[in-house]
Amino acid sequence: MNNRFVILGAGKNQWTQENSSFFKIGNEYSLLNWQVSTSEILNCSRIDYVAGYNVDSLRTCLPSTDSIHIVYNKNWEETNSLYSLLLLDFNKNENLFVIYNDILLEEEFIEKLKLNLSQNAITCLVDSTYPSRFTRNKKKPKCEIILNGVKKFEFVGFVHIPKKFLPFLLELQKNKTTYEPASMSQLLKIAEEHNIPTIYL
(Lines give C-alpha, C1' and ligand atoms only; values in the text may rest on other atoms or scores of the structure.)
Protein backbone atom coordinates (compact mmCIF):
# COMPACT_ATOMS: atom_id res chain seq x y z
CA MET A 1 0.00 0.00 0.00
CA ASN A 2 1.38 3.42 -0.99
CA ASN A 3 1.30 5.85 1.91
CA ARG A 4 2.58 9.40 2.01
CA PHE A 5 3.25 11.44 5.15
CA VAL A 6 2.66 15.19 4.93
CA ILE A 7 3.93 17.61 7.58
CA LEU A 8 2.33 21.06 7.50
CA GLY A 9 4.78 23.51 9.04
CA ALA A 10 4.71 26.72 7.01
CA GLY A 11 3.39 29.02 9.71
CA LYS A 12 5.13 30.68 12.64
CA ASN A 13 4.64 29.19 16.10
CA GLN A 14 2.33 31.38 18.19
CA TRP A 15 4.43 30.98 21.36
CA THR A 16 8.04 31.13 20.17
CA GLN A 17 10.35 32.19 17.33
CA GLU A 18 11.58 28.59 16.95
CA ASN A 19 10.12 26.18 14.40
CA SER A 20 8.02 23.63 16.31
CA SER A 21 9.79 20.79 14.49
CA PHE A 22 12.97 21.63 16.40
CA PHE A 23 11.40 21.25 19.86
CA LYS A 24 13.37 18.73 21.90
CA ILE A 25 11.84 15.60 23.40
CA GLY A 26 14.42 14.65 25.97
CA ASN A 27 18.03 15.68 25.34
CA GLU A 28 18.53 14.94 21.64
CA TYR A 29 15.32 13.71 20.01
CA SER A 30 13.34 16.42 18.22
CA LEU A 31 9.64 16.58 17.39
CA LEU A 32 10.59 16.16 13.72
CA ASN A 33 12.53 12.98 14.57
CA TRP A 34 9.42 11.71 16.35
CA GLN A 35 7.21 12.47 13.33
CA VAL A 36 9.63 10.69 11.01
CA SER A 37 9.32 7.64 13.28
CA THR A 38 5.53 8.01 13.13
CA SER A 39 5.70 7.94 9.33
CA GLU A 40 7.66 4.68 9.50
CA ILE A 41 5.09 3.05 11.77
CA LEU A 42 2.42 4.07 9.28
CA ASN A 43 4.44 2.50 6.45
CA CYS A 44 4.92 5.76 4.55
CA SER A 45 7.46 5.67 1.73
CA ARG A 46 7.64 9.44 1.32
CA ILE A 47 7.52 12.52 3.57
CA ASP A 48 6.56 15.94 2.26
CA TYR A 49 7.23 18.89 4.54
CA VAL A 50 5.39 22.08 3.53
CA ALA A 51 7.58 24.82 4.96
CA GLY A 52 7.52 28.59 5.03
CA TYR A 53 8.77 30.47 8.09
CA ASN A 54 12.46 29.84 8.77
CA VAL A 55 12.73 27.38 5.88
CA ASP A 56 16.53 27.73 5.58
CA SER A 57 17.06 26.58 9.16
CA LEU A 58 14.78 23.64 8.48
CA ARG A 59 16.83 22.55 5.48
CA THR A 60 20.04 22.49 7.53
CA CYS A 61 18.47 20.59 10.44
CA LEU A 62 16.62 17.81 8.61
CA PRO A 63 17.29 14.26 9.83
CA SER A 64 19.63 12.29 7.59
CA THR A 65 17.02 10.68 5.33
CA ASP A 66 16.36 10.96 1.62
CA SER A 67 12.64 10.45 2.08
CA ILE A 68 11.89 14.05 3.23
CA HIS A 69 11.00 16.52 0.49
CA ILE A 70 10.51 20.21 1.26
CA VAL A 71 7.74 22.10 -0.51
CA TYR A 72 8.05 25.85 0.05
CA ASN A 73 4.93 27.93 0.67
CA LYS A 74 6.19 31.36 -0.34
CA ASN A 75 2.89 32.89 0.82
CA TRP A 76 3.11 31.41 4.31
CA GLU A 77 2.39 34.72 6.05
CA GLU A 78 -0.97 35.19 4.26
CA THR A 79 -2.17 31.57 3.96
CA ASN A 80 -3.30 28.75 6.22
CA SER A 81 -2.85 24.97 6.43
CA LEU A 82 -5.32 23.87 3.76
CA TYR A 83 -3.64 26.11 1.20
CA SER A 84 -0.29 24.55 2.17
CA LEU A 85 -1.71 21.08 1.58
CA LEU A 86 -3.00 22.11 -1.84
CA LEU A 87 0.55 22.99 -2.96
CA LEU A 88 1.36 19.28 -3.21
CA ASP A 89 1.22 16.96 -6.20
CA PHE A 90 -1.79 14.64 -5.88
CA ASN A 91 -1.30 12.76 -9.14
CA LYS A 92 0.36 9.82 -7.39
CA ASN A 93 -1.90 7.02 -6.16
CA GLU A 94 -1.10 7.39 -2.45
CA ASN A 95 -3.01 7.52 0.83
CA LEU A 96 -2.19 10.71 2.73
CA PHE A 97 -1.40 11.05 6.42
CA VAL A 98 -1.41 14.79 7.13
CA ILE A 99 -0.08 16.20 10.41
CA TYR A 100 0.70 19.64 11.82
CA ASN A 101 4.38 20.05 12.68
CA ASP A 102 3.68 20.56 16.40
CA ILE A 103 1.75 17.30 16.95
CA LEU A 104 3.25 14.32 18.78
CA LEU A 105 1.47 10.95 18.53
CA GLU A 106 2.47 8.15 20.88
CA GLU A 107 3.12 4.74 19.31
CA GLU A 108 0.29 3.03 21.22
CA PHE A 109 -2.19 5.56 19.86
CA ILE A 110 -0.82 5.21 16.32
CA GLU A 111 -1.38 1.45 16.42
CA LYS A 112 -4.96 2.05 17.57
CA LEU A 113 -5.39 4.54 14.75
CA LYS A 114 -4.20 1.99 12.17
CA LEU A 115 -6.90 -0.42 13.31
CA ASN A 116 -9.63 2.18 12.75
CA LEU A 117 -8.61 3.52 9.35
CA SER A 118 -11.04 3.23 6.46
CA GLN A 119 -10.43 3.49 2.73
CA ASN A 120 -13.97 4.83 2.34
CA ALA A 121 -13.83 7.79 4.73
CA ILE A 122 -11.53 10.56 5.89
CA THR A 123 -10.31 9.88 9.42
CA CYS A 124 -9.28 12.69 11.78
CA LEU A 125 -8.21 12.97 15.39
CA VAL A 126 -10.26 15.19 17.67
CA ASP A 127 -10.45 16.16 21.33
CA SER A 128 -13.90 16.45 22.91
CA THR A 129 -12.48 17.56 26.28
CA TYR A 130 -11.00 20.85 25.04
CA PRO A 131 -13.42 23.16 26.99
CA SER A 132 -12.21 21.80 30.34
CA ARG A 133 -8.62 22.19 29.20
CA PHE A 134 -9.22 25.83 28.38
CA THR A 135 -10.64 26.52 31.85
CA ARG A 136 -7.32 25.35 33.32
CA ASN A 137 -5.26 27.39 30.89
CA LYS A 138 -5.44 31.14 31.48
CA LYS A 139 -3.73 31.84 28.17
CA LYS A 140 -6.03 30.15 25.68
CA PRO A 141 -4.27 28.78 22.60
CA LYS A 142 -5.71 29.03 19.13
CA CYS A 143 -7.80 26.01 18.26
CA GLU A 144 -9.87 24.65 15.39
CA ILE A 145 -13.40 23.67 16.36
CA ILE A 146 -15.41 21.11 14.39
CA LEU A 147 -19.19 20.93 14.59
CA ASN A 148 -20.58 17.43 14.02
CA GLY A 149 -24.31 17.65 14.54
CA VAL A 150 -24.78 18.87 18.10
CA LYS A 151 -21.27 17.80 19.12
CA LYS A 152 -18.20 20.04 19.23
CA PHE A 153 -14.65 18.77 18.85
CA GLU A 154 -11.24 20.34 18.66
CA PHE A 155 -9.31 19.20 15.59
CA VAL A 156 -5.90 18.15 16.88
CA GLY A 157 -3.91 18.32 13.67
CA PHE A 158 -3.91 14.83 12.16
CA VAL A 159 -5.98 13.45 9.29
CA HIS A 160 -5.91 10.41 7.00
CA ILE A 161 -7.13 10.95 3.44
CA PRO A 162 -7.54 7.72 1.41
CA LYS A 163 -6.32 7.77 -2.18
CA LYS A 164 -9.88 7.43 -3.52
CA PHE A 165 -10.45 11.05 -2.43
CA LEU A 166 -7.42 12.49 -4.24
CA PRO A 167 -9.68 13.63 -7.14
CA PHE A 168 -11.52 15.73 -4.54
CA LEU A 169 -8.24 17.41 -3.56
CA LEU A 170 -7.34 17.92 -7.22
CA GLU A 171 -10.63 19.78 -7.73
CA LEU A 172 -9.92 22.04 -4.74
CA GLN A 173 -6.41 22.59 -6.04
CA LYS A 174 -7.74 24.14 -9.25
CA ASN A 175 -8.97 27.09 -7.17
CA LYS A 176 -6.50 26.92 -4.29
CA THR A 177 -6.34 30.70 -3.89
CA THR A 178 -9.96 30.48 -2.72
CA TYR A 179 -8.71 28.47 0.26
CA GLU A 180 -5.82 30.71 1.31
CA PRO A 181 -7.35 31.45 4.76
CA ALA A 182 -8.73 27.92 5.28
CA SER A 183 -7.42 25.45 7.84
CA MET A 184 -7.42 21.66 7.74
CA SER A 185 -10.50 21.53 9.96
CA GLN A 186 -12.35 23.48 7.28
CA LEU A 187 -11.33 20.82 4.77
CA LEU A 188 -13.50 18.40 6.74
CA LYS A 189 -16.50 20.70 6.36
CA ILE A 190 -15.87 21.02 2.62
CA ALA A 191 -15.59 17.22 2.36
CA GLU A 192 -18.92 16.87 4.15
CA GLU A 193 -20.50 19.23 1.61
CA HIS A 194 -19.21 16.85 -1.10
CA ASN A 195 -20.79 13.87 0.70
CA ILE A 196 -17.43 12.44 1.76
CA PRO A 197 -17.83 10.62 5.09
CA THR A 198 -15.59 11.45 8.04
CA ILE A 199 -14.60 9.31 11.01
CA TYR A 200 -13.76 11.21 14.22
CA LEU A 201 -11.41 9.46 16.66
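Residues numbered from 1 in each chain as written. Predicted model: local features only at pLDDT ≥ 70, side-chain atom pairs only at ≥ 80, totals over all residues. Heavy atoms only, no water.

**Some words on the overall build of the protein chain**
Put simply, the rule is: Going along the chain from the N terminus, every DSSP run of H or I of four or more residues is numbered as a helix, and every run of E of two or more is numbered as a strand. Residue exposure (1.4 Å probe, protein chains only): buried if accessible area is under 20% of the type maximum, exposed if over 50%, otherwise partly exposed. In this analysis, two residues are considered to be in contact whenever any of their non-hydrogen atoms come within 4.5 Å of each other. In short, Shrake-Rupley with a 1.4 Å probe defines the accessible areas, and a residue's cover is counted only from the protein chains shown.
Looking only at helices and strands, the protein chain has seven helices and ten strands in total. Considering the protein chain as a whole, with its 201 residues, one finds that 47% of them fall into the buried category. Look at the contacts in the protein chain between residues 6 or more apart in sequence, and 74% of them connect residues 24 or more apart. Per element, the accessible surface of the protein chain, about 10,900 Å² overall, is 47% carbon and sulfur.

**Quick word on the nonpolar core**
For clarity, the threshold we go by: Throughout, nonpolar core names a set of buried Ala, Val, Leu, Ile, Met, Phe, Trp, Tyr and Cys residues whose side chains join them through atoms within 4.5 Å.
Among the nonpolar cores identified, the biggest contains 53 residues, and Leu85, Leu169 and Met184 are the most heavily contacted of them. Apart from residues lying up to four places away in sequence, Leu85 is in contact with Val6, Leu8, Phe90, Val98, Ile161, Leu169, Met184 and Leu187.

**Focus: the environment of Ser183**
Formally: Polar contacts, as counted here, are pairs of nitrogen or oxygen atoms within 3.5 Å of one another; within protein the pair requires one atom able to donate a hydrogen and one able to accept it, and residues that are adjacent in sequence qualify only if both atoms are side-chain atoms.
Within the element layout of this structure, Ser183 appears in the loop between α6 (166-173) and α7 (184-193). In this structure the C-alpha to C-alpha distance between Ser183 and Asn80, which are 103 residues apart in sequence, comes to 5.5 Å. One polar contact links Ser183 to Ser185, side chain to side chain, over a distance of 2.9 Å.

**Considering the pattern of salt bridges**
We apply this condition: A side-chain nitrogen of Lys or Arg and a carboxyl oxygen of Asp or Glu constitute a salt bridge if their distance falls within 4 Å.
Counted according to the given criterion, the structure contains five salt bridges. Between Lys114 and Glu111 there is a salt bridge whose closest N-O contact spans 3.8 Å. Here Lys114 and its partner Glu111 are both found in helix α4 (residues 107-116), three residues apart, which amounts to about one turn of the helix. Residue Lys114 is classed as partly exposed on the basis of its relative accessible area of 31%. Taken together, the salt bridges that share partners define one network made up of Arg4, Arg46, Asp48 and Glu94.

**Some remarks on α7**
Among all positions in α7, only Met184, Ser185, Leu187, Leu188, Ile190 and Ala191 are buried. Directly beyond the C-terminal end of α7, a positive phi value near 60° is found at Asn195.

**Quick word on the side chain of Ser118**
By the element assignment, Ser118 lies in the loop between α4 and β7 (122-127). Residue classification places Ser118 among the buried positions, given a relative accessible area of 18%. A polar side-chain atom of Ser118 sits 2.9 Å from the main-chain amide nitrogen of Asn120. In this structure Ser118 touches Thr123, His160, Pro162 and Ile199, once residues within four positions along its chain are discounted.

**Looking at the environment of Asp127**
Examined against the element boundaries, Asp127 turns out to sit in strand β7. Between the C-alpha atom of Asp127 and that of Phe153, which follows or precedes it by 26 residues, the distance is 5.5 Å.

**With respect to the packing of α6 against α7**
As a reminder, the rule being used: Axes here refer to lines fitted to C-alpha atoms; in helices the fit is confined to the stretch in contact. Angles between the N-to-C directions go from 0 to 180 degrees. Working definition: roughly parallel below 35 degrees, roughly antiparallel above 145 degrees, roughly perpendicular at 65 to 115 degrees, and oblique for all remaining angles. Residue polarity follows a fixed list, in which Ala, Val, Leu, Ile, Met, Phe, Trp, Tyr, Cys and Pro are nonpolar, Asp, Glu, Lys and Arg are charged, and the others, Gly among them, are polar.
Relative orientation of the contacting elements α6 and α7 amounts to 110°, with a least axis distance of 12 Å. Taken as axis vectors, α6 and α7 run roughly perpendicular relative to one another. Mapping the contact onto sequence places Phe168, Leu169 and Leu172 in α6 and Leu187, Ile190 and Ala191 in α7. Of the residues in the contact of α6 with α7, the class split is six nonpolar, no polar and no charged.

**Quick word on the pairing of β7**
Our working definition: Strands were regarded as paired on the criterion that DSSP finds at least two bridges between them.
Most of β7 sits out of view: six of its six residues are buried. The alternating pattern of β7 places Ile122, Cys124 and Val126 on one face and Thr123, Leu125 and Asp127 on the opposite face, and all of these are buried. Note that β7 and strand β10 (residues 198-200) share three bridges and pair parallel. Residue pairing in the sheet places Thr123 in a bridge with Ile199 of β10.

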